[in-house]
Amino acid sequence: MALWMEKGSEPQTETEIADLDAIAALKQSAAIELKEKGNEYVKLGKKHYSDAIDCYTRAINQKVLSDSENSVLFANRAHVNLLLGNYRRALTDAKEAIKLCPTNIKALYRAVKASLSLNLLSEAKQYCEKGLQQNLKIGKASFQEITGSKKPILDEDNILHWPVVLLYAEVMTSDIIEDFCETDMFSAHLDMISSDIYVYYLSMDLPNMFSESCPPLPWDKEKAYSRDAVELYYEAGSGVGLSRKEILRYLLEGTAGTHLESFGDDEKHAGDSLNHGNSTGRSPKWVKVDEKRTLYSILKEPDIVIPGIPVFFIVSRSSSFYKDFRTGKWAPPWLHD
């Protein structure tokens with residue numbers, strides 16, 4: 001039985017592996033239930049704040065949730081400690097939440113509040129600056145013939161989930177990842193791309209589209225697009241960041257707020273102006289994406305403007321097209337208009 005295994009030892013049999021998987025699943029379920037129960041206790045008021053802290057602590061101690069999920073738990077516990085006036089504990093929890101997920105805006109906000117309450121003005125300023133750095137540059141929506149009305153969604157934990165377009169530069173065909181959480185690494189999605197081609201292969205009981213045993217893509221005459229050979233790029237220095245008013249109008253399009261007459265005072269463009277993506281005579285600048293980085297860490301780079309939703313280009317270093325792409329001899333069709 002896996003329960004009686006010595007600490008640090010590896011499972012030796014399929015039964016032990018199955019037991020460990022079952023234990024992990026039970027712990028994960030318990031952690032999620034404890035988180036939800038903690039949230040309920042907070043809503044019940046001050047008399048139940050200690051119960052909420054206990055639930056969040058027990059959920060964290062299960063040690064089975066992802067970094068982003070644990071970040072939410074620490075941020076929640078920081079919130080309750082703030083309500084109780086436990087400012088030092090609140091700051092400690094907020095710092096841990098930020099360490100696990102630097103994009104956790106709620107954790108940054110609570111770190112600022114706790115720092116101010118402790119008269120740590122320098123720390124409060126630093127967390128304010130980190131919060132401001134979370135702003136992303138969003139430009140005019142492109143590729144709507146592919147994406148339709150898809151837009152990013154903010155979940156209950158204040159984490160963005162983006163639809164992401166992947167363009168195969170060599171032939172300008174595309175895949176779309178419907179739900180790319182901003183805390184996800186690119187490698188996971190490249191391992192299993194959510195696309196019509198992949199779904200087709202799956203329905204035919206075929207392996208991953210980038211695996212060696214998988215049939216090549218219909219247009220991949222050189223059979224160059226293996227998982228080990230593909231690389232991901234974004235186009236830098238292209239586009240102009242929209243103003244806050246324009247971003248709100250874009251995000252509200254198609255919702256009940258579409259017909260609001262006022263979006264507040266208009267502003268200058270939110271981000272620095274970069275070269276417009278439709279300008280002619282310009283060689284594109286391609287920046288390679290490190291697959292081990294998260295989506296958010298790439299989107300906050302100063303040289304990227306998101307064209308409505310993120311767009312990345314896939315190429316293969318085994319393809320004869322690769323040299324032209326890397327040296328800037330190839331450009332997307334819209335740059336030739």
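These numbers were taken from a predicted model, which means no experiment stands behind them. (Residues numbered from 1 in each chain as written. Predicted model: local features only at pLDDT ≥ 70, side-chain atom pairs only at ≥ 80, totals over all residues. Heavy atoms only, no water.)

Q: Talk me through unusual backbone geometry; I want residue IDs and the actual numbers.
A: The backbone of K63 shows a phi angle near 55°, a positive value even though the residue is not glycine. Among the structural elements, K63 can be located in the loop between α2 (49–61) and α3 (67–84). Classification of K63 as exposed rests on a relative accessible area of 71%. A positive phi is found at M172, a non-glycine position, where the angle reads about 55°. Looking at the element boundaries, M172 is found in the loop between β2 (160–168) and β3 (173–181). Overall, the relative accessible area of 27% leaves M172 in the partly exposed class. (Helix = DSSP H or I, 4+ residues; strand = E, 2+ residues; numbered from the N terminus. Buried < 20%, exposed > 50% of the residue type's maximum accessible area, 1.4 Å probe, protein only.)

Q: Got a sec to walk through the side chain of D93? Specific residues and values, please.
A: Along the chain, D93 falls in helix α4 (residues 87–100). Dropping the residues within four chain positions of it, D93 is found in contact with F74, R77, A78 and N81. (Contact = heavy atoms within 4.5 Å.)

Q: Quick one: what's the story with α4, residue by residue and with numbers?
A: Relative to the 20 Å expected for 14 residues at 1.5 Å per residue, α4 spans 20 Å between its end C-alpha atoms, a close match to the ideal helical length. For α4, every residue scored as buried is listed here: A90, L91, D93, A94, A97 and I98. Angular distribution of buried residues about the axis of α4 spans 165°; they occupy a single face of the element. Exposed residues lying more than 90 degrees from the buried face of α4 are R89 and K99. (Expected span 1.5 Å × (residues − 1). Arc of directions from axis to C-beta.)

Q: Summarise the packing of aromatic side chains; cite the residues concerned and give the values.
A: With the rule as written, the count across this model stands at 11 aromatic pairs. Each ring, one from F321 and one from W330, has its centre 5.6 Å from the other, and the planes form 80°; the classification is edge-to-face. Pair check on accessibility: F321 and W330 agree, each one buried. Counting every residue linked through ring pairs, the aromatic cluster contains Y233, W286, F313, F321, F325 and W330. (Phe/Tyr/Trp six-rings, centres within 6.5 Å; stacked < 30°, edge-to-face > 60°.)

Q: Break down the pairing of β3 for me, citing the residues and quoting the values.
A: The pairing of β2 with β3 spans seven bridges and is antiparallel. Looking at the pairing, W162 lines up with F180 of β3. With antiparallel pairing between neighbouring strands as the criterion, β2 and β3 make up a hairpin whose turn holds four residues, including M172 at a positive phi of roughly 55°. (Pairing = 2+ DSSP bridges.)

Q: Describe α3, and please don't skip the residues or the numbers.
A: In this model, α3 (18 residues) spans 26 Å end to end at C-alpha, consistent with the 26 Å of a helix rising 1.5 Å per residue. Buried residues dominate α3, accounting for 13 of its 18 residues. In the stretch just after α3, G85 is the one whose phi turns positive, near 85°.

Q: Any details on the confidence of the model for the chain? Residues and values, ideally.
A: This prediction gives the chain a mean pLDDT of 79; 74% of its residues lie at or above 70. Within the model, pLDDT remains below 50 along residues 1–5, and this stretch shows 10 contacts once partners closer than five positions in the same chain are excluded. The model gives residues 194–202 a pLDDT under 50, and that stretch makes 17 contacts with residues more than four places away or in other chains. (pLDDT = per-residue confidence, 0-100.)

Q: Tell me about the pattern of salt bridges, and please be specific about residues and values.
A: As enumerated under the stated definition, the model contains 10 salt bridges in all. Among the salt bridges present, the one from R77 reaches D93, with a minimum N-O distance of 2.8 Å. One end of the pair, R77, is in helix α3; the other, D93, is in helix α4, and 16 residues separate them in sequence. Taken individually, R77 and D93 each receive the classification buried, so the pair is uniform in this respect. (Salt bridge = Lys/Arg side-chain N within 4 Å of Asp/Glu carboxyl O.)

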